[in-house]
Amino acid sequence: MDLPGTLEKRDGEYYLGGCKLEELTREYGTPLLVMDEETIRRNARYYLDNLKQYYPQSNVYYASKAFLNMGICRIMEEEGMGLDVVSGGELYTALSAGFPADRIIMHGNNKSRRDIIQAIRSGIRAIVVDNDDELDRIEKIGKAMGSIIPVMLRVVPALEAVTHPHLQTGMGSKFGFKMHQGQARKAMRKLSRSEVMKPVGLHCHLGSQITDADIYLEAAEEVLLLAAEFKQLWDEGFALNLGGGFAVAHNEEEESFGFDSFLPEISQKVISLSRELNLPLPTLEFEPGRSIMATAGVTLYTLGARKEVDGLGTFVPVDGGMSDNIRPALYEAKYNAFVVNKEAEKRALETVTIAGRLCESGDNLINEIELPRIKAGDLLAVTCTGAYTYPMASNYNGLPRPAVVLVGNGQASTLIKGESYEDILQRNEIPAHLQKDEDQYLAL
Ligand SMILES: Cc1ncc(COP(=O)(O)O)c(C=O)c1O
């Protein structure tokens, strides 16, 4: 199981980034997402340093959909990362944080005209084109704006990663130009005739939570073979971007992807195949998201009650749930947890289900976990929650989204403020005909 590097126990108390977890909840309340800065930086460097060592002509783009805010953008910039965004909103966040546009690439399977214009205006490194309509749209907008637009094609090799169906992005998904249907080749031909789009590379992303390294090797081969058919396009070189998807062990049963042991193989494969195909050596790129953020996050909850249900066991609800972490309900993600308060640890072990507080029967955070006998008022820490939790958070059931704090060197600082009820109502309006005029009662 992958845990944040700075999680430690001193005199029976848990600390993350040198901050006592229990104290953080007194200051910020619960639920609370705590992100460990050292783990984020260490994970980012793991990719950047290892890749540079084996394949110097390389780039790593953090897949910001995993968890994005302005503070994280600053960390990524300092570490020398690029950024992958999927919408005008993510691009706006990155640019607002001062992230350099020429280190950003934009994805998305249905970019709006506004997204495309914003991407062109800000001068990002490349738009990753997903479909034929988008090629036409960019061509039209580019001509009107008088711009030359660097683009990559998102191509989909005839492969399917072994992972949860909701995390597959291969042949059977809505993403990219399918190679086995001839879409990729057709799109490349169209691109070669473009007056405004400058092809700068090929991209593929196979899915998420992938443990099998071989599928990346197979994908690299398919994509390089396609690149070789269009050699004339790469006079200024090109990028081979193999996406992200490297698995994280959220619990004892899962295994993580060994990126460092995979690198010699993939580097060798790309170098030898490029030579064989008489291609310029591509810039090798990756886009990890989950594996940079997941392990850095711990969510703290206060337990609220106990309930025995015949045939199903004991349910213990927390003060959050699918509104701050929808992954268990969305794709059966499995998490681990520990009880934070010191005295709880002395109690006998039992098996319980950690339920959320949302009005959905599917809102269970952890099914059947062994913990010391927990009760209302205890504090629970769910680990490995730094990725794809907060970005998917909602106000379902009128719950304010929790605060997110960044910890390091014994200091905690706010990354995202917790919401209040007023925040939830901020964009609500009562239509004029439904408003109650106090004066109408005075006249009675
Ligand atoms: C195009 C693309 N790149 C990278 C990623 C990041 O994947 P992961 O967070 O599994 O590393 C995703 C995730 O969906 C993606 O769609």
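Residues numbered from 1 in each chain as written. Predicted model: local features only at pLDDT ≥ 70, side-chain atom pairs only at ≥ 80, totals over all residues. Heavy atoms only, no water.

So, on to the side chain of Ser323. Looking at the element boundaries, Ser323 is found in the loop between β16 (313–317) and α11 (327–331). Among all residues touching Ser323, those that are not within four sequence positions of it are Leu358, Ala393, Ser394, Tyr396 and Leu399. (Helix = DSSP H or I, 4+ residues; strand = E, 2+ residues; numbered from the N terminus. Contact = heavy atoms within 4.5 Å.)

On to the site of the ligand, then. Close to the ligand lie 15 residues; Ser208, Gly245, Glu287, Arg290 and Tyr388 are nearest. Lys65 has a polar side-chain atom sitting 3.4 Å from an oxygen atom of the ligand. Protein burial of the ligand: of its 390 Å² of free accessible surface, 92% is covered by the chains. (Near = heavy atom within 4 Å. Polar contact = N/O pair within 3.5 Å; in protein donor to acceptor, adjacent residues only side chain to side chain. Areas by Shrake-Rupley, 256 points an atom, 1.4 Å probe, with all protein chains shown as cover.)

One open sheet holds the three strands; their spatial order is β1-β2-β3, and the pairing between them is antiparallel. Of all the strands in the sheet, the pair left with one neighbour each is β1 (8–10) and β3 (19–20). Of the strand pairs in this sheet, strand β2 (residues 13–16) and β3 are connected by two bridges, and their pairing is antiparallel. In the sheet register, Leu16 faces β3, and the bridge partner there is Cys19. (Pairing = 2+ DSSP bridges.)

Attention now goes to the packing of aromatic side chains. Ring pairs (aromatic) are described by centroid distance and by the angle formed between their planes. Under the criterion given, the structure shown has 18 aromatic pairs. The interplanar angle of 75 degrees and the centroid separation of 5.3 Å between the aromatic rings of Tyr46 and Tyr47 together place this pair among those described as edge-to-face. The exposure class of Tyr46 is partly exposed, given its relative accessible area of 27%. Relative to Phe286, the ring of Phe259 has its centre 5.2 Å away and its plane inclined at 90 degrees; by these criteria the two rings are edge-to-face. Residue Phe259 is found in helix α9 (residues 259–276), and its partner Phe286 is found in strand β13 (residues 283–286); the two are separated by 27 residues along the sequence. Note on Phe259: relative accessible area 0%, which makes it buried. Sitting over the face of the ring of Tyr15, Arg10 holds its NZ or CZ atom 3.9 Å from the ring centroid. (Phe/Tyr/Trp six-rings, centres within 6.5 Å; stacked < 30°, edge-to-face > 60°. Buried < 20%, exposed > 50% of the residue type's maximum accessible area, 1.4 Å probe, protein only. Lys NZ or Arg CZ within 6 Å of the ring centre and 35° of its normal.)

Glancing now at the domain arrangement of the chain. Partitioning the chain into domains gives domain 1 (8–35 + 295–425) and domain 2 (37–294). Computed over C-alpha atoms only, the centres of domain 1 and domain 2 are separated by 33 Å. Between domain 1 and domain 2, roughly 2000 Å² of surface is buried when both sides are summed, and carbon and sulfur atoms account for 59% of that area. Summed over the shared surface of domain 1 and domain 2, the result is zero salt bridges. (Domains from an automatic or database assignment. Buried area = accessible area lost by both parts, 1.4 Å probe. Salt bridge = Lys/Arg side-chain N within 4 Å of Asp/Glu carboxyl O.)

Once that is clear, we can look at the packing of helix α2 (residues 37–54) against helix α3 (residues 70–79). Closest axis-to-axis distance for the α2/α3 pair is 10 Å, and the angle between their directions is 40 degrees. Regarding the angle of α2 to α3, the classification is oblique. In the crossing of α2 with α3, the sense of the turn from one axis to the other is right-handed. Across from Glu37, Ile40, Arg41, Ala44, Arg45 and Leu48 in α2, the residues of α3 making contact are Ile72, Ile75, Met76, Glu78 and Glu79. Grouping the amino acids of the contact of α2 with α3 by side-chain chemistry returns six nonpolar, no polar and five charged. (Axes fitted to C-alpha atoms, helices over the stretch in contact; angles between N-to-C directions. Parallel < 35°, antiparallel > 145°, perpendicular 65-115°, else oblique. Left-handed = near helix turned anticlockwise from the far one by under 90°. Nonpolar A, V, L, I, M, F, W, Y, C, P; charged D, E, K, R; others polar.)

Here we come to the side chain of His250. One can find His250 in the loop between β12 (239–241) and α9. A polar atom in the side chain of His250 sits 3.5 Å from the side chain of Gln209.

Within α3, the full set of buried residues consists of Ile72, Cys73, Ile75, Met76 and Glu79. Looking straight down α3, one finds its buried side chains confined to an arc of 160 degrees; they lie on one side. Just downstream of α3 lies Gly80, where phi reads positive at about 90 degrees. (Arc of directions from axis to C-beta.)

Within the span of helix α4 (residues 88–96), buried status applies to Gly88, Glu90, Leu91 and Ala94. Around the axis of α4, the buried residues are gathered within 160 degrees of arc, so they sit on the same side. In this structure, the buried side of α4 is in contact with α3, β6 (82–85), β7 (104–106) and α5 (113–122). With a side-chain oxygen positioned 3.2 Å from the backbone nitrogen of Gly89, the residue opening α4 is Ser87. Two residues or fewer past α4, Gly98 is found with a positive phi of approximately 80 degrees.

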